[in-house]
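Take a look at the letters that make up each chain.
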Amino acid sequence: MSQYLAGLRSFRVDADSATEVVLENGQKLQYLASSQVSVRRPDRLRSERRGELSDLVMYYDGDSITLHGRGQNVWATTDAPRNLDAAIDFARDELDLEAPAADLLMSDVYRTLSAEAASGTYVGTAEVQGVRCHHLAFRGRSGSDWQLWVQEGATPLPMRYVVVSTDVRSQPQFEVELHDWNTTAAMSDAEFQFEPPPGARQIEFRRTLEAQRGQQRTRAPGAR
C-alpha cells in the first residue's frame, strides 16, 4: 500500500469521517464530516471539509498554508515548508490542522506508521463499501492504537482507517472511510491557490481555530 501510494503523482479521494469528543462529564459525542482531499506531489494539497464542527478549506501551494472558514467567510495564511511531508507535520504541530487521515498522505506511509507501532496483527479479510480488503490492526508504543483496511489486488488503496486515543480518558476514536479514489486526476496550480471570495475577511490563525473548535472539550486527534 505504501509503495503504491508513493507512486501516485496526483490523486483525489473523498472521505467520510467521525470524530469522538469527550466532554468534561465523561460523555462521548460523535461528530460527522465529509471531505475531499486532493494531492499533487511533491508540494500541493487541498482539503475541503464540511461537518457539524466545521466548514473549512485548507490550501497548500508549496509556499504557504491558507485556511478558509466558509461559514464566516474568514481566512488566515502563513508560510509553510516546501514539501508535502514537512507541510503536513507543520500544519499538525504548529497550526493544529489535519487533513483527514493525514498519515496516509505522507510519501512513505509505512515508515510513518511503523515508527509508532509496538506490534501488528493481520486480522483477515473483510468487505468495506463492497470492496474486499485486508484488515490489519496495530498497537502503538504510546498514545494510540489503529486499524487499516486495504483493498486487495493490484491497487492496494486504503479504504478505512480507525485511530483510538489510548492516552485520553474514555479512549475516543477517529474513523474515516475513503472512497471514490481518482488516481489519475489532472490538477492545475489554481486548485491549490486561495483567492479570497467577495467579502472575505483575513484574520489570525488562532481565531480561525477557535471558530473551528466551537464548544467541544476534548477530542480525538484526526490522525494521531
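Conventions we followed
- Residues numbered from 1 in each chain as written.
- Predicted model: local features only at pLDDT ≥ 70, side-chain atom pairs only at ≥ 80, totals over all residues.
- Heavy atoms only, no water.
- 1 Å grid on protein atoms, 1.4 Å probe; cavity = no way out; pocket = protein on both sides within 12 Å on 5 of 7 lines; lining within 4 Å.
- Points joined across faces, edges and corners; volume = space filled by probe spheres on them.
- Helix = DSSP H or I, 4+ residues; strand = E, 2+ residues; numbered from the N terminus.
- Nonpolar A, V, L, I, M, F, W, Y, C, P; charged D, E, K, R; others polar.
- Salt bridge = Lys/Arg side-chain N within 4 Å of Asp/Glu carboxyl O.
- Buried < 20%, exposed > 50% of the residue type's maximum accessible area, 1.4 Å probe, protein only.
- Polar contact = N/O pair within 3.5 Å; in protein donor to acceptor, adjacent residues only side chain to side chain.
- pLDDT = per-residue confidence, 0-100.
- Contact = heavy atoms within 4.5 Å.
- Pairing = 2+ DSSP bridges.

Quick notes on the layout of surface pockets
Part 1 of the reasoning: The computed volume of the second largest pocket comes to approximately 220 Å³.
Part 2 of the reasoning: For the second largest pocket, the full set of lining residues is Met1, Ser2, Val109, Tyr110, Leu113, Ser114, Ala117, Leu136, Phe138, Leu148 and Val150.
Part 3 of the reasoning: Elements with a contribution of two residues or more to the lining of the second largest pocket: helix H3 (109–114), strand E8 (131–140) and strand E9 (144–151).
Part 4 of the reasoning: A per-element tally of the lining of the second largest pocket places H3 first, with four residues.
Part 5 of the reasoning: In terms of residue class, the lining of the second largest pocket is built from nine nonpolar, two polar and no charged.

Things to note about the pattern of salt bridges
Part 1 of the reasoning: Throughout the structure, instances matching the rule amount to 15 salt bridges.
Part 2 of the reasoning: Arg160 serves as the salt-bridge partner of Glu175, at 3.7 Å between the closest nitrogen and oxygen. Here the residue Glu175 occupies a position in strand E11 (residues 173–182), and Arg160 occupies one in strand E10 (residues 158–165), the gap between them amounting to 15 residues. Residue Glu175 shares its accessibility class with Arg160, and that shared class is buried.
Part 3 of the reasoning: One salt-bridge network, held together by shared partners, links Arg46, Glu48, Arg50, Asp55 and Arg70.

Description of helix H2 (residues 84–95)
Part 1 of the reasoning: Within the span of H2, buried status applies to Leu84, Asp85, Ala87, Ile88, Ala91, Arg92 and Leu95.
Part 2 of the reasoning: Where H2 begins, the side chain of Asn83 points an oxygen toward the backbone nitrogen of Asp85, at a separation of 3.3 Å.
Part 3 of the reasoning: Positive backbone phi, at 60°, marks Asp96, one or two positions downstream of H2.

Some details on the confidence of the model for the protein chain
Part 1 of the reasoning: On average, residues of the protein chain carry a pLDDT of 90, and 92% of them reach 70 or more.
Part 2 of the reasoning: Under a pLDDT of 50 for its full length, residues 214–224 has, in the predicted model, 40 contacts with residues more than four places off or in other chains.

A few points about the pairing of E9
Part 1 of the reasoning: Taken across its eight residues, E9 has seven buried, putting it largely inside the fold.
Part 2 of the reasoning: The antiparallel pairing of E8 with E9 creates a hairpin that spans three residues between the two strands, and Gly143 there sits at a positive phi of about 95°.
Part 3 of the reasoning: Note that E9 and E10 share seven bridges and pair antiparallel. In the strand pairing of E10, Gln147 is matched with Val162.
Part 4 of the reasoning: Connecting E9 to the next strand, E10, in antiparallel fashion are six residues, including Gly153 with a positive phi near 95°.

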